[in-house]
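# Report on the structure
Spelled out, the chains give:
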Amino acid sequence: MVFLNTNHVIMSDIQILDGCIDKFKNQNFNNNNYILIADKQNVDTAIRLSLLSKIIQKKNNANMLVLTDKKKHLSLKIYEMFNIKKIYISFQIKDFFSNIFFSIYCSLIYFTLMIKFAVDKNLIRNFIDDFKFYNIHVGDLMYDTYIRNDHSFLNFNIFNLKFLKIFFITLFRLKKIKSLFDLHKIKVVVSSSLSFNFGSTLAIRYASKIGCKTYVHADTLFKEIKSYDMCQDSVFKVYKEELLIFKKNEDKMNVDNFINKRFFKNSYSGNFVQIDTFKKAYFNSKNINRFDFIQNLTKNTSARINDENLLNLIALNCFSDAPRSFSKSGIFLFQDYYDFFVKSIEAISKLDKKNIWLIKPHPANLKYGEGGIIEELLEKYNLENVFMCPKNINNKNYFNIIDNLITSRSTIALEYACFGGKPIICGSTPYNGLGFTHEPQSINEYYNILKNLNFNNKLNDEEKNNARATLYILDHVKVEHLEKSIILPSRNDFENIDRRLFNDEYFKKIKITLNERKIHSFFDDPYYKSLELLVNNLRVTS
């Protein structure tokens, strides 16, 4: 996310926080014990991580330090207000020249990779899954960072300056993190990031690898990372044991009411899916039956398709959105989300034309600048039985008329299961392995599924109820660990705000809230109270 320079933000609005945090400032102790705050250059996260660190500090008398990726940004002003003065930059250009032997060492690793890739380009998957530094997996983070911008998922290439820069920055950031652990007794690491090659992500991975206490906190989410594998998985992952315990203790009526409000009354109160994305997927739609849908879809084509043929929907993820960072609890059959799309279309092109294939872009794909990419590939293949999903029909309507839903790992698969359909997924998700998804274990198995589509794609009542309970857990248990703040705005308050204006709007909203509610301290905030209670019930020292 892009934030404004400090000079462009109304500083008086920032200073209004002074009174709220007066009793929460960092206290310096005469020891070498530290809490490492892994900064992500986000003002909201900086405030929340500082409050979290203060709570932890009360328990273990540790000092605080900040690791950040940028030398100048507004979140550093937040840490200054919390009296946190020890700031480390994860990487600066001068590091390359001041650590010449390390630079040479990194260069040798890079040139070795170049030779391997020159001999066999199929080693990309091995690099993504297996490349480590200091015994920390970083290949997936480098890859996700590389494809994040400029549509680089279209042509991953290590033989260019972009990859070289990402490669060196990642290794140097890890070196900085290791040096901080060597220099100080880091007792706890707090962060908000688990993806891309941010210093905050690398700090979580390094800390969890060596057994240091690590916590992820953002908005109302608070999660202890209990193992190295866990930090490479989705923090929202629902396990069988959790589902069984939930179903034993939770009133089914609560789940039924949640499903009814979410899908049939357009009242979404969860946090797992961003509200803007949910609205695009489920609001403002006309209802259409299967026969009329097929007739309207094929009326301007030469395709001879009738109601007896299968209607299959392929739901895509945003191609740039971290496809590799959360796969350690299972598999991901493809190199990335775009690779899934391309290979699916290639496979469909070799099949007979008796079935209809619908291609559904992710509702947020335009935010990533991916408009037109899907259409371009479909135009290239020009298949008479493959269509873009009409935009005026929502997901609920599709669930009632399609025969199969296929996706790499989108949330729509779980939502489809809530309606009794058994989706096909191609990788690890927060909900895989719970019995209501069909999960091919190889690309060839996936191709055979597309060819035959002869598996049982209907769920029984227990499987459907498990899917619904899982969605409830993701929306209300995995995310809402904490009470919502009445001082700090929620991320949903800024869904449609230009990112360049975020900081201004964020602090203006805080100022209005403080003035209207006459709140003077985070002690009065239910968010802080719930955070303090949760942390005090944990053992937060290594």
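Residues numbered from 1 in each chain as written. Predicted model: local features only at pLDDT ≥ 70, side-chain atom pairs only at ≥ 80, totals over all residues. Heavy atoms only, no water.

### What about the overall build of the protein?
For clarity, the threshold we go by: A run of H or I in DSSP counts as a helix once it spans at least four residues, and a run of E counts as a strand once it spans at least two, with each numbered from the N terminus. Only the C-alpha atoms count toward the radius of gyration. The rule for a globule is 2.2 Å times the residue count to the power 0.38. Note on classification: 1.4 Å probe, protein chains only; a residue is buried when its accessible area is under 20% of the maximum for its type, exposed when over 50%, partly exposed between these limits. By definition, residues are in contact when any of their heavy atoms lie within 4.5 Å. In short, Shrake-Rupley with a 1.4 Å probe defines the accessible areas, and a residue's cover is counted only from the protein chains shown.
Assigned secondary structure in the protein consists of 22 helices and 13 strands. Taking 2.2 N^0.38 as the reference for a compact globule, 542 residues should give roughly 24 Å; the C-alpha atoms of the protein span a radius of gyration of 25 Å, in line with that estimate. If one aligns the C-alpha atoms of the protein with their principal axes, the spans along those axes are about 80 × 60 × 45 Å. The buried share of the protein, taken over its 542 residues, is 57%. Sequence separation of 24 or more characterises 76% of the internal contacts of the protein that already satisfy a separation of 6 or more. Accessible area of the protein: about 24100 Å², with a carbon and sulfur share of 49%.

### Notes on a nonpolar patch on the surface
Rules: Residues with no salt bridge and a relative accessible area higher than 30% make up the patches, which join like charges within 9 Å and nonpolar side chains (Val, Leu, Ile, Met, Phe, Trp, Tyr) within 5 Å. Just to be clear on terms, a salt bridge is a Lys or Arg side-chain nitrogen sitting within 4 Å of an Asp or Glu carboxyl oxygen.
Side chains of Ile100, Phe101, Ile104 and Leu108 sit close together on the surface and give an oily, nonpolar patch of about 440 Å² of accessible area. Its place among the elements puts leucine 108 in helix H6 (residues 100–119). Relative accessible area serves as the criterion here: at 51%, leucine 108 is assigned to the exposed category.

### Points about the sheet that holds strand S10 (residues 356–360)
As a reminder of what qualifies: Whether two strands pair comes down to DSSP finding at least two bridges between them. Fitted lines through C-alpha atoms give the axes, limited to the stretch in contact for helices. The angle between two N-to-C directions lies from 0 to 180 degrees.
Taken together, the five strands give an open sheet; going across it, the order is S11-S10-S9-S12-S13, and neighbouring strands pair in parallel fashion. Here the strands that pair on one side only, and so sit at the sheet edges, are strand S11 (386–388) and strand S13 (424–425). Each of S10 and S11 is contacted by helix H16 (residues 373–381), which is oriented at about 160 degrees to S11, the strand it contacts most.

### Some thoughts on the pairing of strand S1 (residues 33–38)
Where burial is concerned, most of S1 is hidden: six out of the six residues are buried. Every second residue of S1 is oriented toward a common face, with Asn33, Ile35 and Ile37 on one face and Tyr34, Leu36 and Ala38 on the other, all of them buried. Where S1 and strand S6 (residues 185–191) come together, five bridges link them in parallel fashion. What sits directly across from leucine 36, in S6, is valine 189. Examined bridge by bridge, S1 and strand S2 (residues 63–68) share five bridges and lie parallel to one another. Along S2, the bridge assignment pairs isoleucine 35 with methionine 64.

### Regarding the pattern of salt bridges
One pass over the full model with this rule turns up 17 salt bridges. Between arginine 205 and aspartate 140 there is a salt bridge, with the nearest N and O atoms lying 2.8 Å from each other. Here arginine 205, found in helix H10 (residues 199–209), pairs with aspartate 140, found in helix H8 (residues 139–147); they are 65 residues apart in sequence, far enough to count as distant. Linking aspartate 150 and lysine 162 is a salt bridge whose minimum nitrogen-to-oxygen distance equals 3.6 Å. Taken together, the residues aspartate 150 in the loop between H8 and helix H9 (161–183) and lysine 162 in helix H9 connect sequence positions twelve residues apart. By relative accessible area, lysine 162 is classed as partly exposed at 27%. One salt-bridge network, in which partners are shared between bridges, spans Asp44, Arg48 and Asp219.

### A closer look at the packing of helix H12 (residues 252–264) against helix H20 (residues 461–476)
Put simply, the test is: Convention used here: angles under 35 degrees read as roughly parallel, angles over 145 as roughly antiparallel, angles from 65 to 115 as roughly perpendicular, and any remaining angle as oblique. All amino acids are sorted into three groups, where Ala, Val, Leu, Ile, Met, Phe, Trp, Tyr, Cys and Pro are nonpolar, Asp, Glu, Lys and Arg are charged, and the leftover types, Gly among them, are polar.
Where H12 meets H20, the closest approach of the two axes is 10 Å, and the angle between their N-to-C directions is 80 degrees. On the basis of the axis angle, H12 is roughly perpendicular to H20. Along its contact with H12, which presents Lys252, Asn254, Val255, Asp256, Phe258, Ile259, Arg262 and Phe263, the element H20 presents Asn465, Arg468, Ala469, Leu471, Tyr472, Asp475 and His476. For the contact of H12 with H20, the residue count by class is seven nonpolar, three polar and five charged.

### Some words on the nonpolar core
Heads up, the condition is: To qualify as a nonpolar core, a set must consist of buried Ala, Val, Leu, Ile, Met, Phe, Trp, Tyr and Cys residues joined through side-chain atoms within 4.5 Å.
Core analysis: the largest hydrophobic core is formed by 86 residues, its most contacted members being Leu36, Phe167 and Phe341. For this core, the element with the most residues is H9, which contributes eleven residues. Counting residues in hydrophobic clusters, the runner-up holds 50 residues, among them Tyr268, Val273, Ile288 and Leu311.

### Concerning the sheet that holds strand S7 (residues 213–218)
Strand order in the open sheet formed by six strands is S3-S2-S1-S6-S7-S8, with mixed pairing between adjacent strands. Of all strands in the sheet, those bounded by a partner on one side alone are strand S3 (87–89) and strand S8 (221–225). Going across the sheet, the axis of each strand differs from the next one's by a mean of 25 degrees, ignoring polarity. Packing of H9 onto the sheet brings it into contact with S1, S2, S3 and S6, and relative to S2 it is tilted by some 165 degrees.

### Side note on unusual backbone geometry
Phi at alanine 322 is positive, roughly 45 degrees, even though this residue is not glycine. Along the chain, alanine 322 falls in the loop between strand S9 (311–315) and helix H15 (337–349). Of note in the backbone geometry, lysine 518 takes a positive phi value of approximately 55 degrees without being a glycine. Locating lysine 518 in the fold gives a position in the loop between helix H21 (502–517) and helix H22 (526–536). A relative accessible area of 60% places lysine 518 in the exposed class.

### Focus: the state of the cysteines
How we decide: When the sulfur atoms of two cysteines come within 2.5 Å, that pair is taken as a disulfide.
Within the structure shown, the criterion is met by zero disulfides. The cysteine cysteine 231 is free of any disulfide, with cysteine 212 supplying the nearest cysteine sulfur at 12 Å. Looking at the unpaired cysteine 426, the closest cysteine sulfur is the one in cysteine 389, lying at 17 Å.

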